[in-house]
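Geometric and topological summary
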Amino acid sequence: MNIMQKFSLEGKVALVTGAAYGIGFAIAEGLAGAGARIAFNCRSQHHMDKALADYAAKGIEAKGYICDVTKEDQVQKMVADIRKDLGSVDILVNNAGIIKRIPMAEMSVEEFREVVDIDLTAAFIMSKAVLPDMMEKKSGKIINICSMMSELGRETVSAYASAKGGLKMLTKNIASEYGSYNIQCNGIGPGYIATPQTAPLRERQADGSRHPFDSFIIAKTPAERWGDPEDLMGAAVFLASPASDFVNGHILYVDGGILAYIGKQP
Ligand code: NAP
Ligand code: GCO
């Protein structure tokens, strides 16, 4: 196999969760560019209609499913529908996620549970749904979208950091438990990426100056910029392709250098 073929996803079916927009959309676009047929889900018809138009505008024939990733019955039905529509899932990207920025002492247990349910438990539900087909085929790729918060803490994100830290360990456990079936499970740990999720952290101040958190991230990132969703495409194609067949249980941080950096010297 030549080196370009090692990165090819020709003939593969990829399911990217929460890929109507943001990081999921860019990852789906990257996987499609490498040859994969794309399935994605989101929760509302409104987002679905816009997403289908956005995929079509990029020349991508994506198949969309309305599905809440925290509901096991909906997930099982979506995976069965994809099997009928496109073939069984070869590549799963667990991307759907939310964040709640609330000081821990003020956070309700319901709010904490909702974040853990979507950001961690759903990756278990989704992976469980695709594993039987992957085990039968003796081939599969699962990519979990982790975070800086898989490694670091910060004020107001106790639930998110707990979930993303747990997702890192679920990644290592799937790799350990199913590696003998030629299934690779790896994570991508994005740094701070400009998407709707982080829009509140980048809002301009009334006087036109940068949001203090925006300035903090620029100072904390050796690349001195926020990432774009497109910055994640290459890592996703690598971890979805035969080029990574001996990479398992790894978290690939795509963070402009944040985790390598102690911070700007005074
Ligand atoms: P985003 O713009 O808010 O998009 C999140 C997506 O997840 C939306 O499409 C949303 O779909 C979907 N989603 C949420 N809950 C869902 C559920 N229960 N069932 C199905 N879909 C659901 O977020 P993003 O910034 O692109 O982030 C994508 C992933 O990367 C998340 O896991 C996030 O934690 C992670 N991440 C983001 C950053 C960053 O800086 N942006 C950094 C590190 C990691 P609906 O519209 O239908 O709700
Ligand atoms: C936050 C952000 C997170 C980060 C990301 C870092 O409030 O800390 O919104 O979502 O962007 O997860 O990797």
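Above this text you will find the structure in question.
1. Concerning the site of ligand 1
Residues in close proximity to ligand 1 total 29 residues, the closest being Arg43, His47, Asn95, Tyr160 and Thr195. Here an oxygen atom of ligand 1 and a side-chain polar atom of Tyr160 are 2.6 Å apart. Starting from 880 Å² of accessible surface for ligand 1 in isolation, the protein chains cover 95%. Counting atoms within 2 Å of the grid points, the majority share of ligand 1 lands in the largest pocket.

2. What about empty space enclosed by the protein?
Enumeration over the complete set of coordinates arrives at one cavity of 30 Å³ or more. A volume near 80 Å³ is recorded for the largest cavity. Taken together, 13 residues line the largest cavity, and the ones lying closest to its centre are Asn94, Asn95, Ala96, Ile118 and Ala123. Among the elements of the structure, helix H5 (109-137) and helix H6 (158-178) are those that each provide at least two residues to the lining of the largest cavity. If you tally residues by element for the lining of the largest cavity, the top one is H5, at five residues.

3. A closer look at helix H3 (residues 45-57)
A rise of 1.5 Å per residue sets the reference length of H3, with its 13 residues, at 18 Å; its end C-alpha atoms lie 18 Å apart and thus fit the reference within 8%. Three or more residues of H3 are buried, namely Met48, Ala51 and Tyr55. Buried positions in H3, seen along its axis, are confined to an arc of 70 degrees and lie on one side of it. Those residues of H3 that are exposed and angled more than 90 degrees off the buried face are His46, Ala56 and Ala57. On its buried face, H3 is in contact with helix H2 (22-33), strand E2 (37-42) and strand E3 (63-66).

4. Here we look at the side chain of Lys141
Looking at where Lys141 falls in the secondary structure, it is placed in strand E5 (residues 140-145). A distance of 2.9 Å separates the side chain of Lys141 from the side chain of Gln184, its partner in a polar contact. There is a polar contact of 2.8 Å between the side chain of Lys141 and the side chain of Asp245.

5. Section: the site of ligand 2
Taken together, 13 residues are adjacent to ligand 2, and Arg101, Ser147, Arg154, Pro190 and Gln197 come closest. In this structure, Tyr192 approaches ligand 2 through a side-chain N or O atom, which is 2.9 Å from an oxygen atom. Interatomic distance of 2.6 Å between a side-chain N/O atom of Gln197 and an oxygen atom of ligand 2. For ligand 2, whose free accessible area comes to 340 Å², the fraction covered by protein is 97%. Broken down by class, the residue content of the shell around ligand 2 amounts to seven nonpolar, four polar and two charged.

6. Examining the nonpolar core
Ranked by internal contacts, the top residues of the largest apolar core, which has 32 residues, are Ile27, Leu31, Ile38, Tyr55, Val93 and Ile188. Ignoring any residue separated from it by four or fewer positions in sequence, one finds Tyr55 in contact with Ala19, Gly24, Phe25, Ala28, Phe40, Ile60 and Ala62.

7. Observations concerning the side chain of Asp119
For Asp119, the location among the structural elements is in helix H5. For Asp119, which is buried and forms no salt bridge, the nearest opposite charge comes from Lys164, at a distance of 4.8 Å. Reaching out from Asp119, the side chain makes a polar contact with the backbone nitrogen of Ile98 at a distance of 2.9 Å. Contact partners of Asp119, with chain neighbours within four places excluded, come to Ala96, Gly97, Ile98, Tyr160, Ala163, Lys164 and Leu167.

8. Regarding H2
Here H2 spans 17 Å end to end across twelve residues, near enough to the 16 Å set by a 1.5 Å rise per residue. In terms of burial, H2 is a largely internal element, nine of the twelve residues being buried. Gly35 lies just past H2 and shows a positive phi near 115 degrees.

9. Structural notes on the layout of surface pockets
One water molecule sets the probe size; rolling that probe over the atoms shows where empty space is left. In this structure, the largest pocket encloses a volume near 800 Å³. Taken together, 39 residues make up the lining of the largest pocket; nearest its centre are Asn95, Ala96, Gly97, Ile98 and Gln197. Elements with a contribution of two residues or more to the lining of the largest pocket: H2, E2 and H6. Of the residues belonging to the lining of the largest pocket, the class tally is 21 nonpolar, 13 polar and five charged. One number sums up the size of the second largest pocket: a volume of about 190 Å³. Split into classes, the residues belonging to the lining of the second largest pocket amount to eight nonpolar, one polar and three charged.

Reading the values: rules and limits
- Residues numbered from 1 in each chain as written.
- Chains lettered and ligands numbered in written order.
- Predicted model: local features only at pLDDT ≥ 70, side-chain atom pairs only at ≥ 80, totals over all residues.
- Heavy atoms only, no water.
- Near = heavy atom within 4 Å.
- Polar contact = N/O pair within 3.5 Å; in protein donor to acceptor, adjacent residues only side chain to side chain.
- Areas by Shrake-Rupley, 256 points an atom, 1.4 Å probe, with all protein chains shown as cover.
- 1 Å grid on protein atoms, 1.4 Å probe; cavity = no way out; pocket = protein on both sides within 12 Å on 5 of 7 lines; lining within 4 Å.
- Sits in = over half its atoms within 2 Å of the grid points.
- Points joined across faces, edges and corners; volume = space filled by probe spheres on them.
- Helix = DSSP H or I, 4+ residues; strand = E, 2+ residues; numbered from the N terminus.
- Expected span 1.5 Å × (residues − 1).
- Buried < 20%, exposed > 50% of the residue type's maximum accessible area, 1.4 Å probe, protein only.
- Arc of directions from axis to C-beta.
- Contact = heavy atoms within 4.5 Å.
- Nonpolar A, V, L, I, M, F, W, Y, C, P; charged D, E, K, R; others polar.
- Core = buried A, V, L, I, M, F, W, Y, C linked by side-chain atoms within 4.5 Å.
- Lys, Arg positive; Asp, Glu negative; His and termini not counted.
- Salt bridge = Lys/Arg side-chain N within 4 Å of Asp/Glu carboxyl O.

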